[in-house]
Amino acid sequence: MNFFRGVMGGQPAGPQPSGAETIQKLCDRVASSTLLDDRRDAVRALKSLSKKYRLEVGTQAMDHLIRILQTDRSDSEILGYALDTLYNIICNDEEEEQEETQQKQVDDLGAQFTDRFIQDQENITLLLTILEEFDFHVRLPGVKLLTALLKNQCAQLQGIILVSPMGVSRLMDLLADSREVIRNDGLLLLLQLTKGNAAIQKIVAFENAFERLLDIITEEGSSDGGIVVEDCLLLLLNLLKNNSSNQNFFKEGSYIQRMKPWFEVGDDNSGWSAQKVTNLHYMLQLVRVMVSPVNSPGATASCQKAMFQCGLLQQLCTILMATGVPADILTETINTVSEVIRGSQVNQDYFASVNAPSNPPRPAIVVLLMSMVNERQPFVLRCAVLYCFQCFLYKNQKGQGEIVATLLPSTIDANSISAGQLLCGGLFSADSLSNWCAAVALGHALQDNLTQKEQLLRVQLATSLGKPPVSLLQQCTNILSQGDKISRRGSKVQTRVGLLMLLCTWISNCPIAVTHFLHNQENVPFLTAQISENLGEDERLVQGLCALLLGICIYYNDNSLENYTKEKLKQLIEKRIGKENFVEKLGFITKHELYSRAAQKPQPTFSTPEHMLFDHEFTKLFKELEGVITKAVHKSSEEEKKEEEVKKTLEQHDSIVTQYKDLIREQDTHIKALKEQVAGLTSQSEEMQTTITQQLSQIQQHKDQYSILKLKLGKSGDQGSALDGAQVNGLQQEELTQLREELDELRGQQSLLQTQLSDKDALINSMKSETATAASAQVAGASDTSELLREVESLRVQVQRQAAEISELQTERKELLRRAETGASAPATVDGAVDASKVAELENLLASQNEEMQKLKDELTSLSSNRTALDTELASANSTVAILQAEKTKLQNEVQETKKEQDELLMLLADQDQKILSLKQKLKDLGETIEDEDDLDTRDQFEEEDEEEEDDE
């Protein structure tokens, strides 16, 4: 034990051994000791030396410590010492500040020990198994060790944990630990584990991570919580950022609704702690991750809808208009609201209705624009307001119209400040940043909206007293073209770039605006002069934008101004600038570094105000126009005429195809209506079938009653054969007379039914023949018609069956009457009265059955007529379709033949040119002089004149 006393700080008994020697002895003791207490003391001693002698302990003791983890699993104390020792030699965290070179060496040392530890993947599996131990002194150092390993070699460790059975699930159990220290360190571990690995992020999310993290945030006090809330928010950002699967799972799990309470702020917003500001900042970032413009449009739209329905957008707008909110939180809130409303019409309409709590109330848009054009406001806040305004107008033609309407003379209110007035004020102010922001904002009010571009041409500005008002377009071009105004108001590149971007956006795809721009005689000379000059690096950007503006005037020119037609503008470029020089100046824009930055994402993020030169939407517009403008400048007038002819031909073909489509659409609608009629007739037929079935059952009941009556009559005849015949001539004689009359009526009805049945058979036969003739012409309704015929045939069979049953009843009744007349039966007076009443009841039922049969026959007749009309309409529709298809095929064949003939002619011309060139080359090789066709024509003319003179002499 003297050895351990020396190590642990007791009085030395001899000369002091070096650190390496002491560590070597401790390692030998760990490897060779059979007693657990000795090994425990040795590992504890190594732990105390691991920070001071990190290299020596890591080099000599790592293998022994790993063996302790494998063999001494039953003793939690030695496991804790071993894990702490491994953590000390692998972790690069140092409490004391070190120089940069020393810190780099420390980092390299930690990475080397980490590589050595993870060479055997079983070590990681062993560590994951140890984390299942509930003992605090084992679990906590195990979590810290795994976190340190992840910091040093994240990607390799992620791959090992990913393939380890239940590896991620074991780590997720740390969040459920009741001990906050372990839970908090588990959060840090998962933060490192989920960095940049989508597969692990998905597994963690589906292990119910969202539910647990949101519960922890609520328990810790939401935005008022401490560092634990910050760690939870960072882990949520890791799981959701650039992971569409987790974002969809978060939305479908209704977790967006649980974010609303985070942003409930009180009236007194003074004295926010730094931790609360940090927490709320990450909460806002979490909202932005769900509605980021880089997400798929469908996912973003669904999240925006959920945020509006749960009231989250309303809560954010409340923070936006609240007082006392820190500047960085206000800026991030503006950016968050921007992306929540971007491209969502419902959210944009709500944002337009938000008013600031001022007296009188002002729209939130106006309040934000006042901050944007105020040069005393922070730069990042002005950028955020610009982004918010852009998102409000993105794919929002209604909002664009409302903004432009505030500039029109008929809607200007002198007693209130409008958005249009603020934009005009910023556009012509002395602050170049306000000029640029106002120009870009106004350009977004015109983006992809031809109506508003034309409406903005009506805007008139009063420049000074005593002078007539000028249009907004004229004022913008005057600031660019007049030297004194440029030097006074917009001498900076930023102002001119903003105005040029506004003009390009305004007149693009708007021939009327191009005509207004060219109507000013000073604009084109100014643009050509700017493009042709040789200026410095900063001015090249302005030259490129001037070239773009002039190119738009060519491409969207409707040739309404005689002096500035497409052809004359191209001639002007060729003479004054040169086509190659024009294209080169146009290419300066894409080569600029700030252009590439602006093209990456919609949000304007600039480090300094001087870097604000390009807008994201303008970069998209430039990509669309650069190629077409280059082609338009290089095209000749003949090529343009050919293109116009081709366009006209294509438009004609498109109009013909559109007419055919409309006609086919109408026919489809008609056929659909016919099918619905057939379905209705089918349902009527089914109802008739049901009615006939009910009637058959009633007839069966009547037959049964009649059989019972016949039996009773027969029995009464056997009993009354001995009675006096005078009784027969009394009441029975009247009954016989009545029965004879009823029999005559039944015979008349039977003959009438037979006649109607014969007519119906003839009608059915004619329907069959007509159906067989029309079957070849109609395709869509063939099955329905055959089904209808089968139902009609079944109806006819049932009617015949009923007629046969009626005939049988009449025959039996006739037999009864005959027996009554011959006196074969003499029923008693009472029984005879009963039988007579039953017979009368039976006759009434038969009469009602006959009436129902008549109704069925009438319905059958109407059904047949309806079917015939449907067959006729279907036949006419099919014939029309066939005619149209034939015409379409004929037109297509003519187009193909024309194209084929043109291709053949072009091939023949090419072959002829090639032969002529080859022959000329051969003549040159033989030493002959080859002259041009014009020279040959001139020489032939002179020879002809000489011959004429000789003939005259």
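Scoring rules and cut-offs
- Residues numbered from 1 in each chain as written.
- Predicted model: local features only at pLDDT ≥ 70, side-chain atom pairs only at ≥ 80, totals over all residues.
- Heavy atoms only, no water.
- UniProt positions renumbered as here; feature names shortened; annotations may be inferred.
- Helix = DSSP H or I, 4+ residues; strand = E, 2+ residues; numbered from the N terminus.
- Buried < 20%, exposed > 50% of the residue type's maximum accessible area, 1.4 Å probe, protein only.
- Contact = heavy atoms within 4.5 Å.
- Areas by Shrake-Rupley, 256 points an atom, 1.4 Å probe, with all protein chains shown as cover.
- Salt bridge = Lys/Arg side-chain N within 4 Å of Asp/Glu carboxyl O.
- Patch = residues over 30% accessible without salt bridge, like charges linked within 9 Å, V, L, I, M, F, W, Y side chains within 5 Å.
- Lys, Arg positive; Asp, Glu negative; His and termini not counted.
- Charge placed at Lys NZ, Arg CZ, Asp CG, Glu CD.
- Polar contact = N/O pair within 3.5 Å; in protein donor to acceptor, adjacent residues only side chain to side chain.
- Phe/Tyr/Trp six-rings, centres within 6.5 Å; stacked < 30°, edge-to-face > 60°.
- Lys NZ or Arg CZ within 6 Å of the ring centre and 35° of its normal.
- pLDDT = per-residue confidence, 0-100.

Looking at an unreviewed UniProt entry, one finds the protein named General vesicular transport factor p115, with Denticeps clupeoides as its source organism. Check the Sequence similarities (unreviewed entry) section of the UniProt entry for the protein; it says "Belongs to the VDP/USO1/EDE1 family."

When its secondary structure is counted, the protein shows 40 helices and four strands. Per-residue burial over the protein gives 44% buried out of 953 residues. Within the protein, contacts between residues at least 6 apart in sequence are counted, and of these 74% link residues at least 24 apart. Entry remark: accessible area of the protein is about 49,800 Å², with carbon and sulfur atoms responsible for 50%.

Bringing the pattern of salt bridges into the picture now. Summed over the entire model, instances satisfying the criterion amount to 24 salt bridges. Where Asp224 meets Lys276, a salt bridge forms, and the shortest distance between an N and an O atom there is 3.4 Å. One end of the pair, Asp224, is in the loop between helix H12 (198-219) and helix H13 (227-240); the other, Lys276, is in helix H15 (residues 274-290), with 52 residues separating them in the sequence. Its relative accessible area of 17% is what places Lys276 among the buried residues. Overlapping salt bridges, with partners in common, bring together Asp37, Arg40, Asp75 and Glu77 in one network.

In terms of burial, helix H26 (residues 472-481) is largely enclosed, as nine of its 10 residues are buried. When we look at burial in H26, the residues that qualify are Leu472, Leu473, Gln475, Cys476, Thr477, Asn478, Ile479, Leu480 and Ser481.

A cluster of acidic residues, Glu894, Glu897, Glu901, Asp903 and Glu904, forms a negative patch on the protein surface. In this fold, Glu897 is placed in helix H39 (residues 829-925).

Next up on the list: the side chain of Arg183. Tracing the backbone shows Arg183 in helix H11 (residues 180-193). Given a relative accessible area of 7%, Arg183 falls into the buried group. Here the side chain of Arg183 touches Glu220 through a polar contact of 3.0 Å, side chain to side chain. Each residue touching Arg183, except ones within four places of it in the same chain, is listed here: Leu174, Leu175, Asp177, Ile216, Glu219, Glu220 and Val228.

In this fold, Asp72 is placed in the loop between helix H4 (54-71) and helix H5 (76-90). A relative accessible area of 7% places Asp72 in the buried class.

All right, on to the packing of aromatic side chains then. In total, this model carries 13 aromatic pairs according to the counting rule given. Measuring from centroid to centroid gives 5.5 Å for Tyr595 and Phe614, while their planes differ by 90 degrees, and the two rings are edge-to-face. With Tyr595 in helix H34 (residues 593-598) and Phe614 in the loop between H34 and helix H35 (616-634), this pair connects stretches of sequence that are 19 residues apart. Like Phe614, Tyr595 is buried. The rings of Phe206, Phe210, Phe249, Phe250 and Tyr255 are connected pair by pair, giving a single aromatic cluster. Over the ring of Tyr87 we find Lys144, and its NZ or CZ is 5.0 Å from the ring centre.

Take a nonpolar patch on the surface next. The grouping of Leu162, Val163 and Ile203 at the surface amounts to a nonpolar patch, some 240 Å² of accessible area in total. Assignment of secondary structure puts Val163 in helix H9 (residues 154-163). Residue Val163 is classed as exposed on the basis of its relative accessible area of 61%.

To continue, consider the environment of Val30. Here Val30 shows up in helix H2 (residues 19-32). Taking the C-alpha atoms as reference points, Val30 and Arg67, 37 residues apart in sequence, are found 9.6 Å from one another.

Below, the discussion takes up the environment of Leu586. With respect to the element layout, Leu586 can be found in helix H33 (residues 579-591). For Leu586, a relative accessible area of 1% puts it in the buried group. Through-space distance from the C-alpha of Leu586 to that of Gly551 is 9.2 Å; in sequence the pair is 35 residues apart. Discounting residues that sit within four places of it in the chain, Leu586 has contacts with Gly544, Ala547, Leu548, Phe622, Glu626, Ile629 and Thr630.

What follows deals with the confidence of the model for the protein. Confidence in the prediction of the protein, expressed as mean pLDDT, is 81, and 75% of residues score 70 or more. When the criterion is pLDDT under 50, residues 483-490 qualifies, and its contacts beyond four places in sequence or with other chains add up to 14 contacts. This model gives residues 720-732 a pLDDT under 50, and the stretch forms eight contacts once residues within four places in sequence are excluded.

Where the residue is not glycine, phi is negative for most of them; where a peptide bond is considered, it is trans in most cases. Of the consecutive residues Asn359 and Pro360, the connecting peptide bond is found in the cis state with omega at 0 degrees. Looking at where Pro360 falls in the secondary structure, it is placed in the loop between strand S1 (355-356) and strand S2 (362-363). Positioned with a positive phi, Asn208 is a non-glycine residue whose angle comes to about 70 degrees. Of the residues examined, Asn208 reaches a relative accessible area of 37% and is grouped as partly exposed. One non-glycine residue, Asn559, lies in the positive phi region at around 60 degrees.

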